[in-house]
Amino acid sequence: MTARIIRIALASLVGLMIAAGIAWWQVKTAQEMTTSGAAAVGGPFALVDHTGRPVTDADFRGKHLLVYFGYTYCPDVCPTELGVMAQAMDRLGPLAEKVQPLFITVDPKRDTVAHMAGYVELFHPRLVGLTGTPEQTAAAAKAYRVYHAVPTGQDAAGGDYLVDHSSFIYLMGPDGAFQRVFAAGAEPDQIAADIRSRLAG
Ligand code: NI
């Protein structure tokens, strides 16, 4: 009985430490991204969209990009943030045509093209889902400094598992350069207002 309680307490502690670690990493990265600026975040990627078409970052030039990394099996954070992105698109009205929202998976093993197709349409008709080989999606995540990991002890080979990942909405310019990041909690109105002012300026 006592051993079991200790085990549960230890497991909770490890969980808290992981959560604290990710939170710390997110704050640190957000600070770095704000201070070190454009060159550090984003970059070339080669992926496959949810219709099965191979795409690169160059295919999206000329439009602002809203980029979010996550995975379709995510129970809470990803659906919330993709919802925020979708609402921001709606708030933009006709200006939304100048913005391309992208959802890039950090779980390509389960997020197949067909699976992504069924998922993105739940959020917004303009949302493009991107997947690829594990190497391709890992390279994209690395370029955007996205933290992602399957916690040890979870069976990644079979069955369900969760993926720890950082959660940012990146805004990239029509030239593909990093413009800013929206952390969790950003409101759709705030994102839409920011984009609207950039399009006006
Ligand atoms: Ni998620």
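Residues numbered from 1 in each chain as written. Predicted model: local features only at pLDDT ≥ 70, side-chain atom pairs only at ≥ 80, totals over all residues. Heavy atoms only, no water.

Enquirer: Whenever I open this one, the coordination of the nickel ion confuses me. Can you help?
Expert: Ideal values differ by geometry: the angle at a metal is 109.5 degrees with four tetrahedral donors, but 90 or 180 degrees with six octahedral donors. Around the nickel ion, the protein supplies Cys74 (SG), Cys78 (SG) and His165 (NE2) as donor atoms, at distances of 1.9 to 2.2 Å. Using a relative accessible area of 0% as the deciding quantity, one classes Cys78 as buried. (Donors = N, O, S within 2.8 Å, 3.2 Å for Na, K, Ca; no water. Buried < 20%, exposed > 50% of the residue type's maximum accessible area, 1.4 Å probe, protein only.)

Enquirer: Can you walk me through the pairing of strand E5 (residues 128-131) in this structure?
Expert: Where a strand is regular, its side chains alternate between the two sheet faces. Residues of E5 alternate between two faces, with Val128 and Leu130 on one and Gly129 and Thr131 on the opposite face, all of them buried. Alignment of strand E1 (residues 46-49) against E5, held across two bridges, turns out to be antiparallel. Residue Val48 lies in a different strand from E5, and its bridge partner there is Thr131. Following the chain from strand E4 (residues 99-105) across helix H3 (residues 113-120) to the adjacent parallel E5, one finds a crossover that is right-handed. (Helix = DSSP H or I, 4+ residues; strand = E, 2+ residues; numbered from the N terminus. Pairing = 2+ DSSP bridges. Right-handed = clockwise from strand over helix to strand, strands pointing away.)

Enquirer: Sorry, what's going on with unusual backbone geometry here?
Expert: Peptide bonds are mostly trans, and most non-glycine residues show a negative phi. In this model, Arg145 sits at a positive phi of 55°, which is unusual for a non-glycine residue. The topology assignment puts Arg145 in the loop between helix H4 (134-143) and strand E6 (148-149).

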